[in-house]
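# Topology and contacts: notes
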Amino acid sequence: MKPLTAFLDGFGSTWLLLVRVVSQSGSLPRQFHRFIDQCYLIGYTTMPIVAILSFFIGSVLALQAGYSMQNFGTQEFIGSLVGLSMARELGPVMVAILLAGRVGSAITAELASMKVYQEIDALETMNISPARILVMPRLAATLVMMPVLTIIGDLVGWFGGAIVADLTEIISIEPEAYFAVLRRYTHFSDVLNGLIKAELFGFAVVLVCCNIGLNTRGGPREIGAAVTRAVVVSLILILVLDYFVTQVLMLVSS
Amino acid sequence: MTCSQIAEKRNQLTPATTPKTTAVHVSVEHLSKNFGATAVLKDVTFSVAPGEIFVLMGPSGSGKSVLLKHMVGLELPTAGRVALDGHDAAAATTRERVRMALVFQSGALFNSLSVYDNLALYPREHRLVNEAGIREKVMRTLQILSLENAVDKFPSELSGGMKKRVAIARALVMEPSLMLYDEPTSELDPVMAATISEIIATLREEYHVTTVIVSHDRELALGIADRVGILMGGTLAMLGPAMALRSPQDPRVADFMNPKINLQHPRFKQLET
């Protein structure tokens, strides 16, 4: 019974937080400096790890596919496989997972610490909404930075695949041929699909991580537990959302 | 810093720039609060007159801080209510009608902000004045509390006494009608505790705010309180003028105010049996 009530509590408070943020979204221009700070933290500092991870995901994808496809003599289509996989699925999902692990955990730790050490209570007594100054700038920055990170991830992943396809002896696909196939089979709508997913995943992850942080009670031990819970919930949420959003996007595009 | 030094600093300020507030009437009406099966507050009723300094004392865990949180709407009552000038403290709109400030026991300063930004946050977010006005207001408040040298420091760089003073300064910038202090002199040496007491009393004179203090500090209660309430087991065991603390009638209150160290029959041994 307790896990069910905890789940319902979390679900309800997350929606309530979203309503509070949306109702105060008119004051976003006044939070511009906080928005820029969050763009730096969410976007700029996450960019190197997104690039490294995407490079190797693209590389492994080309390597695995290359070995299987060369048995059928279809390795020239590696470009399309890497292109579509990165754009539609792996790019947004990997960026969202990185966001949960790197940014989401940090957000929960910061807000949970502020809650435990009564900084959130202090804000409320000052009639300053935590949703307005702490959550809204983070969500806005996520919405702006997620497409940027995803596009970087896609491009670097495609590039990683091209290098592996060129340098691996049994595949040996020239970059020109690789990118020609990639361009032929990967359309703008595929990239757009990925960007929509990335926006939804990023928004959900940051909202959930903020909510868990703001509802932390107890001491330092609970801060650690809140961070773990935030990351686990975010990862589950990304994969569950991924399935349903993919279904919806497929329906829409067909 | 003594009372006379604070007064001297106050006199150096331009009278026209000194904010005036309207003190608020606090009415605690049959307030009860349960956490699960545990009753923390049981039908507590008292009121605090505008401009009064009221000190709420009591053993640890008696519900003092919980009561204080009800006054600022951070806790919702199980029964009864706290009214601030007739407005329910639990209502979201009350914070817009009644300007109140709570000085937390830990200070609750924003650790990621400098002392200046901690003080500037409230006027900035509520757009009370422009940046030049905020600077003047913040510096004047820091000057009153002799904190000019701490303006660019971060909370982690401050001593316990300085943190308390910065927390008071941050509350003061809000120009509140109701000042609430949660254990303002705890964890401080006796001289700093006396200084904080002097500051609280002087601020009441300066700003004519209603002041509610939760404290264990007998000296603070006797030194600056108009009235004192003693909370024991969730109910008011005593309510009266501060002087009544010198000769309390209730034996529990007498034992709380003047505990004797008894090595023959230690209290913790009595609790065990």
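Residues numbered from 1 in each chain as written. Chains lettered and ligands numbered in written order. Predicted model: local features only at pLDDT ≥ 70, side-chain atom pairs only at ≥ 80, totals over all residues.

This next bit is on the overall build of chain B. A tally of regular secondary structure across chain B gives 10 helices and 10 strands. Relative to the compact-globule value of 19 Å for 273 residues, chain B shows a C-alpha radius of gyration of 19 Å, a close match. Principal-axis analysis of the C-alpha atoms gives chain B an extent of 65 × 40 × 35 Å. Residue burial in chain B is summarised as follows: out of 273 residues, 41% are buried. Restricting the contact set of chain B to residue pairs at least 6 apart, pairs at least 24 apart contribute 66%. (Helix = DSSP H or I, 4+ residues; strand = E, 2+ residues; numbered from the N terminus. Rg over C-alpha atoms; globule rule 2.2 N^0.38 Å. Buried ≥ 20, exposed ≤ 12 C-beta atoms within 10 Å, placed from the backbone. Contact = placed C-beta atoms within 7 Å.)

Residue and element names in this part refer to chain B. Here strand β8 (residues 210–214) lies mainly inside the structure; 5 of its 5 residues are buried. Pairing analysis gives 4 bridges linking strand β3 (residues 53–57) to β8, with the strands arranged parallel. Across the sheet, residue Leu56 finds its bridge partner in β8, namely Val214. Bridge count for strand β7 (residues 178–182) against β8 is 5 bridges, and the pairing is parallel. Its bridge partner lying in β8, Leu180 is registered against Val212. The handedness of the β7 to β8 crossover, carried by helix α7 (residues 190–207), is right-handed. (Pairing = 2+ DSSP bridges. Right-handed = clockwise from strand over helix to strand, strands pointing away.)

Our focus in this paragraph is the pairing of β3 of chain B. Residues and elements named next belong to chain B. Most of β3 is tucked away, with 5 of its 5 residues classed as buried. Of the two faces of β3, the one lined by Ile53, Val55 and Met57 and the one lined by Phe54 and Leu56 are each fully buried. Here β3 pairs with strand β9 (residues 227–232) via 4 bridges, running parallel. Counterpart to Leu56 in the pairing with β9 is Gly229.

Take helix α1 (residues 2–23) of chain A next. Every α-helical turn comprises 3.6 residues, leaving residues that sit three or four positions apart pointing alike. Counted at 1.5 Å a residue, the expected span for α1 of chain A with its 22 residues is 32 Å, and the 31 Å between its end C-alpha atoms agrees. Among the 22 residues that make up α1 of chain A, 2 are buried, leaving the element largely open to the surroundings. (Expected span 1.5 Å × (residues − 1).)

This paragraph deals with the nonpolar core. In this structure, Val205 of chain A together with Val55 and Leu180 of chain B are the most contacted members of the largest nonpolar core, which totals 140 residues. Looking at which element gives the most residues to this core, the answer is helix α4 (residues 78–116) of chain A, with 17 residues. Look past the residues within four positions of Val55 of chain B in its chain and what remains in contact with it is Ile213, Ser215, Leu220, Ala221, Ala225 and Val228 of chain B. (Core = buried A, V, L, I, M, F, W, Y, C linked by C-beta atoms within 7 Å.)

Time to look at the packing of helix α6 (residues 130–167) of chain A against helix α7 (residues 175–185) of chain A. Helix-helix packing is characterised by the crossing angle of the two axes and by the distance between the axes. Residues and elements named next belong to chain A. As a packed pair, α6 and α7 sit with axes 9 Å apart at the nearest point and diverge in direction by 135°. On the basis of their axis angle, the class for α6 and α7 is oblique. Once α6 is placed against α7, the crossing between them reads as right-handed. Within the contact between the two elements, α6 uses Trp158, Ala162, Ala165 and Asp166 and α7 uses Pro175, Tyr178, Phe179 and Leu182. Residue composition of the contact of α6 with α7, grouped by class: 7 nonpolar, no polar and 1 charged. (Axes fitted to C-alpha atoms, helices over the stretch in contact; angles between N-to-C directions. Parallel < 35°, antiparallel > 145°, perpendicular 65-115°, else oblique. Left-handed = near helix turned anticlockwise from the far one by under 90°. Nonpolar A, V, L, I, M, F, W, Y, C, P; charged D, E, K, R; others polar.)

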